[in-house]
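If you want the building blocks of each chain, they are given just below.
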Protein chains: 2
Amino acid sequence: MDKQTITIYDVAREASVSMATVSRVVNGNPNVKPATRKKVLEVIDRLDYRPNAVARGLASKKTTTVGVIIPDVTNIYFSSLARGIDDVATMYKYNIILANSDENGQKEVQVLNTLLAKQVDGVIFMGNQITDSIRAEFTRSKTPIVLAGSVDPEAQVASVNIDYVEAIEEATNTLIRHDNQKIAFVTGSLSEPINGQYRLKGYKKALAQAKIAYDPNLVFETEYSYKAGEAIWDRVKAAGATAAVIGDDELAIGLLNGAGDDDVNIPNDFELITSNDSKLTEISRPKMSSITQPLYDIGAVAMRLLTKMMNKEEIDNQTILLPYGIVERGTTK
Amino acid sequence: MDKQTITIYDVAREASVSMATVSRVVNGNPNVKPATRKKVLEVIDRLDYRPNAVARGLASKKTTTVGVIIPDVTNIYFSSLARGIDDVATMYKYNIILANSDENGQKEVQVLNTLLAKQVDGVIFMGNQITDSIRAEFTRSKTPIVLAGSVDPEAQVASVNIDYVEAIEEATNTLIRHDNQKIAFVTGSLSEPINGQYRLKGYKKALAQAKIAYDPNLVFETEYSYKAGEAIWDRVKAAGATAAVIGDDELAIGLLNGAGDDDVNIPNDFELITSNDSKLTEISRPKMSSITQPLYDIGAVAMRLLTKMMNKEEIDNQTILLPYGIVERGTTK
DNA sequence: CTGAAAGCGCTAACAA
DNA sequence: TTGTTAGCGCTTTCAG
């Protein structure tokens, strides 16, 4: 009934060697005489033997799999990171256990624990909020963890990001240079550090430098979704803003279309600049001006960093900032 | 040095019971006296014991993880399916090992093999082409496999889909009803059964029924990408088409914008209808008319079916077709 | 260069 | 209701 698995033991018998030797050739241990290796390989091939990774994991205490916690695969920002993660994971022979968390603190803790129970060798965490409970799990666990595209204000855990303060500052500056005085800042919850601490700071810095008074009424907190963007247009308009810096591409395109459907001329009457430069920015009409950031690379570098940590290599810098830029496309003058 | 793991053995000792008993309470086996259970639970809590899933997997020959092979997480069609898969997987206490295949036959085989080596309890495969080599692996393996949003013309392996023939036929009919005579059919490679066999058949059926001659020059094969859509507009226009049925949303929006940027009035001068009803269809301006299909549910149902197979339950129908529809939004008259 | 043997942490008969 | 005892398939000393 059971799929009669053929084991290392079968191979050993057939090849008239010990299982230790078979193990050695399977693992590329050089201490095997070429002739022996050849013989074993031949039997492995003939028997179609496939090593059982679970047994291997138990014996070696390494599973060559890493856990990836993602708010939502369906969000292009995160899936772009995930792609980078998976590609370098594959490159280093790791597999990925992917788990959606919905940015839900409780689910994050739960998911992290099942990943640790599965003995993943490392974890990549994406999420805008490092809650106390998830932080507690992080510190308790000895498993290496890296944040990708997610900041930890305490800088306790390793992370790969861009400089959100500077990036938003520069984006805001662009809008100021275009003679906008009332610039809306629309993004997710300010209780998320990336918004409330980093982006907001950049926004304020730019205003201050231009001697524009900061007006809380121009700050909008909402969800990262297309619908939310469409919905919030009326309020942004009512606030008298002539431009907006937005923290998420779907949100930004929602706002763009909200304005467009309201017969506002973009960019002449209203300018927008978004944050993530995902492929959506090229899809909208007009195309979205944006902060550019290497999404794929953020994921890739995070995974690379994690491989080093799993390898117990010395890490010179736990917090990696990748370069960003600004592209002006159709939503800015 | 090693994170001194605390094992079932430690718990047994501390609670003065046998490891078998601990195992029982951990696994919710009812044959444990309440008092004993309580005592064990207390120790588990005090010692912060976490069962090792790898050891459990080796002993029980079940890993409670399933492999998911996806062409590209970054593609909204597939990530929508993946979301459905992950949600019901979580519901049934399974984890997902996610692997990108790039629709590359060789990589698919490779990835499938490493998933099987990791002893996944089942596999969900997404991909438009069941190559002979991947089919060979499918048949060789005793592990249950379900296709999600991907057809197997041989109907050998279980799958969850919509009826692509009928759906495209109906989409084409819609365009015919709007008085279009020259309707382009633009999609991915015709060597993929979903295109060359199913969708093309639906397209031809609709034409035949309307007594419109089939013209191969109106059939366009390209990549599933935004860029490809933009690029192919000139050829579609040159062919004299007044409308198009498109097999992928990104591709469709590329075509839409290609036409729009060429000052073609949509939908008055050119109509489009796409296939997947992903959230992109609401983002474009005008919004895309589309075949509707329950992407999330396709993934969810596929995973549900897989749980039944892993459970060795009797399956009445290996091939599940979910309902589809047609929504006319802004790209059709 | 190769083999013997002791686990890795847990499940699952089988007894008691 | 509980304990004993074999393994699951492989890695890894330790000898030789």
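It should be noted that the structure appears before, not after, this text.
Predicted model only: the values in this text are computed from it and were never measured.

Caption draft 1: Structural view of the packing of helix 10 (residues 226-238) of chain B against helix 11 (residues 249-261) of chain B. Residue and element names in this part refer to chain B. As a packed pair, helix 10 and helix 11 sit with axes 6 Å apart at the nearest point and diverge in direction by 50°. On the basis of their axis angle, the class for helix 10 and helix 11 is oblique. Note that helix 10 runs across helix 11; the crossing there is right-handed. Facing helix 10, whose interface residues are Tyr 226, Ala 228, Gly 229, Glu 230, Ile 232, Trp 233 and Val 236, helix 11 presents Glu 250, Leu 251, Ile 253, Gly 254, Leu 255, Asn 257, Gly 258, Ala 259 and Asp 261.

Caption draft 2: Spotlight on the interface of chain A and chain B. Each side of the interface is counted separately: chain A has 54 residues, and chain B has 55 residues. Summing both sides of the interface, chain A and chain B together bury roughly 4700 Å²; the carbon and sulfur share of this comes to 49%. Here chain A and chain B share 14 salt bridges between them. As a salt-bridge pair, Arg 83 of chain A and Asp 102 of chain B come within 3.0 Å of each other at their nearest N and O atoms. Seen at the junction of chain A and chain B, the total is 32 residue pairs in polar contact (both at pLDDT 80 or more). Mapped by element, the contributors of at least two residues to the side of chain A that touches chain B are helix 4 (53-60), helix 5 (76-91), strand 2 (95-100), helix 6 (105-117), helix 7 (132-140), helix 10 (226-238), helix 11 (249-261) and helix 12 (280-283) of chain A. Alignment of strand 2 of chain A against strand 2 (residues 95-100) of chain B, held across three bridges, turns out to be antiparallel. Considered in strand 2 of chain B, the bridge of Leu 98 of chain A is made with Ile 96 of chain B.

Caption draft 3: Representation of the sheet that holds strand 6 (residues 183-187) of chain B within the structure. All names here are of chain B. Read across the sheet, six strands follow the order 7-6-8-9-10-12 without closing on themselves; strand pairing throughout is mixed. Only two strands of the sheet have a single neighbouring strand rather than two, namely strand 7 (219-221) and strand 12 (325-327). Going across the sheet, the axis of each strand differs from the next one's by a mean of 20°, ignoring polarity. The strands touched by helix 8 (residues 164-177) are strand 6, strand 8 (243-246), strand 9 (271-274), strand 10 (289-292) and strand 12; relative to strand 8, the strand with the most contacts, the crossing angle is about 165°. Across the sheet, helix 9 (residues 193-209) lies against strand 6, strand 7 and strand 8, angled at about 160° from strand 6, the strand it touches most.

Caption draft 4: Structural view of the side chain of Ser 150 of chain B. Residue and element names in this part refer to chain B. With respect to the helices and strands, Ser 150 occurs in the loop between strand 4 (145-148) and strand 5 (158-161). Side-chain polar atoms of Ser 150 contact the backbone oxygen of Ala 148, separated by 2.9 Å. Here Ser 150 is in contact with Phe 125, Met 126, Gly 127, Ser 159, Val 160, Asn 161 and Tyr 164, once residues within four sequence places are set aside.

Caption draft 5: View of the protein's contact with DNA strand D. As a structural note, the neighbourhood of DNA strand D is formed by 27 residues, with Ile 8, Ser 23 and Tyr 49 of chain A together with Arg 24 and Thr 36 of chain B the closest of them. One of the side-chain N or O atoms of Thr 5 of chain A is found 3.0 Å from a phosphate oxygen in DNA strand D. Arg 24 of chain B has a polar side-chain atom sitting 2.5 Å from a base oxygen of DNA strand D. Considering each element in turn, the surface near DNA strand D owes the most residues, four residues, to helix 4 of chain A. Residues belonging to the surface near DNA strand D are distributed by class as follows: twelve nonpolar, eleven polar and four charged.

Caption draft 6: Empty space enclosed by the protein, seen in detail. The full count for this structure, using the stated rule, is ten cavities of 30 Å³ or more. Put simply, the largest cavity is a space of about 230 Å³. If you trace the largest cavity, you find it lined by Ala 53, Val 54, Thr 63, Thr 65, Ile 97 and Lys 118 of chain A together with Ala 53, Val 54, Thr 63, Thr 65, Ile 97 and Lys 118 of chain B. The set of elements that each furnish at least two residues to the lining of the largest cavity consists of helix 4 of chain A together with helix 4 (53-60) of chain B. Its residues assigned to classes, the lining of the largest cavity shows six nonpolar, four polar and two charged. Computed from the structure, the second largest cavity encloses a volume of approximately 110 Å³. Contributing to the lining of the second largest cavity are 15 residues, with Thr 74, Ile 76 and Leu 280 of chain A together with Ile 76 and Leu 280 of chain B lying nearest its centre. Only helix 5 and helix 12 of chain A together with helix 5 (76-91) and helix 12 (280-283) of chain B provide two or more residues apiece to the lining of the second largest cavity. Taken together, the residues of the lining of the second largest cavity sort by class into seven nonpolar, four polar and four charged.

Caption draft 7: Fine view of the protein's contact with DNA strand C. Residues in contact with DNA strand C amount to 27 residues; listed here are only the nearest, Arg 24 and Thr 36 of chain A together with Ile 8, Ser 23 and Tyr 49 of chain B. Close to the protein, within 4 Å, the atoms of DNA strand C belong to sugar or phosphate groups at a rate of 61%. The backbone of Ala 59 of chain A places a nitrogen or oxygen atom 3.2 Å from a base oxygen of DNA strand C. At 3.2 Å, a side-chain N or O of Asn 27 of chain B approaches a phosphate oxygen of DNA strand C. Every element with two or more residues in the surface near DNA strand C is listed here: helix 2 (19-26) and helix 4 of chain A together with helix 2 (19-26) and helix 4 of chain B. Looking at the surface near DNA strand C, its residues break down into twelve nonpolar, ten polar and five charged.

Caption draft 8: Fine view of the nonpolar core. Tyr 203 and Met 303 of chain A together with Tyr 203, Val 236 and Met 303 of chain B are the most contacted members of the largest nonpolar core, which has 154 residues in total. Residues contacting Met 303 of chain A, with those up to four places away along its chain left out, are Val 66, Ile 85, Val 88, Ala 89, Tyr 94, Ile 124 and Met 310 of chain A. With 34 residues, the next largest nonpolar core counts Ile 130 and Leu 147 of chain A together with Phe 125 and Ile 130 of chain B among its residues.

Calculation notes
- Residues numbered from 1 in each chain as written.
- Chains lettered and ligands numbered in written order.
- Predicted model: local features only at pLDDT ≥ 70, side-chain atom pairs only at ≥ 80, totals over all residues.
- Heavy atoms only, no water.
- Axes fitted to C-alpha atoms, helices over the stretch in contact; angles between N-to-C directions.
- Helix = DSSP H or I, 4+ residues; strand = E, 2+ residues; numbered from the N terminus.
- Parallel < 35°, antiparallel > 145°, perpendicular 65-115°, else oblique.
- Left-handed = near helix turned anticlockwise from the far one by under 90°.
- Contact = heavy atoms within 4.5 Å.
- Buried area = accessible area lost by both parts, 1.4 Å probe.
- Salt bridge = Lys/Arg side-chain N within 4 Å of Asp/Glu carboxyl O.
- Polar contact = N/O pair within 3.5 Å; in protein donor to acceptor, adjacent residues only side chain to side chain.
- Pairing = 2+ DSSP bridges.
- Near = heavy atom within 4 Å.
- Nonpolar A, V, L, I, M, F, W, Y, C, P; charged D, E, K, R; others polar.
- 1 Å grid on protein atoms, 1.4 Å probe; cavity = no way out; pocket = protein on both sides within 12 Å on 5 of 7 lines; lining within 4 Å.
- Points joined across faces, edges and corners; volume = space filled by probe spheres on them.
- Core = buried A, V, L, I, M, F, W, Y, C linked by side-chain atoms within 4.5 Å.
- Buried < 20%, exposed > 50% of the residue type's maximum accessible area, 1.4 Å probe, protein only.

In short, the description is geometric, and any link to function would need to be established separately.
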